[in-house]
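Summary of structural features
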Amino acid sequence: MRSLAAAPQSVILLLAQLVARFPFGMLSLAFIIHIQDVTGSYAIAGIALGAETIGASISGPILARYMARFGVRRVIAIATVVTTSSFLAMGFVPPEPLLLVFLSFLVGLSSPPIQPAARTIYPQITPKPLLPQLYSLDAAAQEIIWVIGPLVATLVAAQFGNLAMLLTIGAIQIFGSIWILTNKSVANAKIQASKTSVGRVLKNPAVTAVTFLGLLFVGSFAGVEVGAVALFDKQTAGVMFAVFSVGSLLSGFLLAPRAKGKWALPLFLGITLVGYTLIPLNPYDALWVGAALFIAGLGVAPTLGILALWVAEGTSGSETAEAYGWTTTGQLVGFSAGSALAGISVDAVAPQAALLVSVVFGFATLLAALFAVKRIR
């Protein structure tokens, strides 16, 4: 990673967007903790979380296009105000289910397009030979959000209460967004306005492939998450998720920069699939499952980095920002679909059946990647 010293603006932008996106590693658990506490219903909390996901899926491509039309800073600033106000309102409004679900939907609908903005700007400020390394680092750094975010949310809620948890999330969101908005690279960023209709970018084979691959790949995460919660206590499951993310983080820093060529994507997807496949062999042993998840995690950050690079190299001008919006939507849809299938598997068959959802999604991702690498340069 030393070579990235030649692109200091890129590293600063990466750190700024990491902080600005940190609250979204806390929101899912915060929704469950707070809404279940005030309503007494996990079902309502789950519906609210689903509403947030739907809102984010809708807004991803649209807000990405708005950045080209109205400017990156203006869109992020307005979105930050709306989304922060919405989830802070949850701590003060009456615990009416419909109102909480609506606010959750509004949080998703107004989610600031931080990642599409950053990944669109990277090629403008980074020497081309360093882009693969930067995207790998970007994907690896995201794992920090999912390792530390839930931990911070639970600790603050346990020590100071739900309102303090929501206020903490809001403070981090505002601080991160201000850092983004005052970043020189963001201020100078120029994104060409799209002259085509919404969704036209999906005709680009690279964007279509990455959106579909992201849907399948992120969908595979849901099986192990739901399965771990169903098989073990919450604390043990939380440690397992952290181990999964640590594997991804280490691989993003150590393995991804050394893997090049068209077969790098299937290689890392194969590593993740091996990890998934090992879990059902001894699903009741926490140490075994944790070790298998660590192996599965080794393929995650490099895979997401490669997919981000495909979009960067396969699009240009006005396409890029909207393309990243669609890929984010694909990932959200994939996780929602995987979660639903995993939940049905637990209720209809057994807790360990959820683990097979990850195997199936992982295998489908590998097949799709083998098909894609032969057709996308």
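Residues numbered from 1 in each chain as written. Predicted model: local features only at pLDDT ≥ 70, side-chain atom pairs only at ≥ 80, totals over all residues. Heavy atoms only, no water.

**Brief notes about the nonpolar core**
Formed by 105 residues in total, the largest nonpolar core has its most connected members in Met 67, Tyr 122, Tyr 135, Ile 180, Leu 213, Leu 265 and Trp 310. The residues touching Ile 180, leaving out its near neighbours within four places in the chain, are Leu 13, Ala 16, Gln 17, Ala 20, Ile 76, Ile 114 and Val 186. (Core = buried A, V, L, I, M, F, W, Y, C linked by side-chain atoms within 4.5 Å. Buried < 20%, exposed > 50% of the residue type's maximum accessible area, 1.4 Å probe, protein only. Contact = heavy atoms within 4.5 Å.)

**A closer look at helix H8 (residues 162-181)**
For H8, which comprises 20 residues, the first-to-last C-alpha distance of 29 Å matches the rise-based estimate of 28 Å (1.5 Å per residue) to within 8%. Within the span of H8, buried status applies to Asn 162, Met 165, Leu 166, Ile 169, Gly 170, Gln 173, Gly 176, Ser 177, Ile 180 and Leu 181. One side of H8 holds all its buried residues, which, seen down the axis, span an arc of 135°. (Helix = DSSP H or I, 4+ residues; strand = E, 2+ residues; numbered from the N terminus. Expected span 1.5 Å × (residues − 1). Arc of directions from axis to C-beta.)

**Topic: a nonpolar patch on the surface**
On the surface, a nonpolar cluster with roughly 480 Å² of combined accessible area is contributed by Ile 54, Ile 58, Ile 62, Tyr 66, Phe 70 and Leu 109. The element best represented in the nonpolar patch is helix H3 (residues 42-70), accounting for five residues. Of note, Ile 62 is situated in helix H3. By relative accessible area, which is 33% here, Ile 62 ends up partly exposed. (Patch = residues over 30% accessible without salt bridge, like charges linked within 9 Å, V, L, I, M, F, W, Y side chains within 5 Å. Areas by Shrake-Rupley, 256 points an atom, 1.4 Å probe, with all protein chains shown as cover. Salt bridge = Lys/Arg side-chain N within 4 Å of Asp/Glu carboxyl O.)

**So, the pattern of salt bridges**
All chains considered together, the criterion is met by two salt bridges. Glu 322 serves as the salt-bridge partner of Arg 65, at 2.8 Å between the closest nitrogen and oxygen. With Arg 65 in helix H3 and Glu 322 in helix H15 (residues 319-348), the pair connects residues that are 257 residues apart, well separated along the chain. Here Arg 65 matches Glu 322 in class, with each residue buried. For Arg 119, the salt bridge goes to Asp 138, with nearest N and O atoms at 2.7 Å. Here Arg 119, found in helix H6 (residues 114-125), pairs with Asp 138, found in helix H7 (residues 131-160); they are 19 residues apart in sequence, far enough to count as distant. For Arg 119, a relative accessible area of 9% translates into the label buried.

**Here we look at the packing of aromatic side chains**
In the structure shown here, the tally under the stated rule is four aromatic pairs. Here Tyr 66 and Phe 70 contribute two aromatic rings whose centre-to-centre distance is 5.6 Å and whose plane-to-plane angle is 75°, an arrangement assigned as edge-to-face. Here Tyr 66 and its partner Phe 70 are both found in helix H3, four residues apart, which amounts to about one turn of the helix. Residue class for Tyr 66 comes out partly exposed when judged on its relative accessible area of 35%. Measuring from ring centre to ring centre gives 5.6 Å for Phe 221 and Phe 244, while their planes differ by 75°; the resulting arrangement is edge-to-face. Linking Phe 221 in helix H10 (residues 205-231) with Phe 244 in helix H11 (residues 234-254), this pair joins segments that are 23 residues apart in sequence. Across the pair, exposure class does not vary: Phe 221 and Phe 244 are buried alike. (Phe/Tyr/Trp six-rings, centres within 6.5 Å; stacked < 30°, edge-to-face > 60°.)

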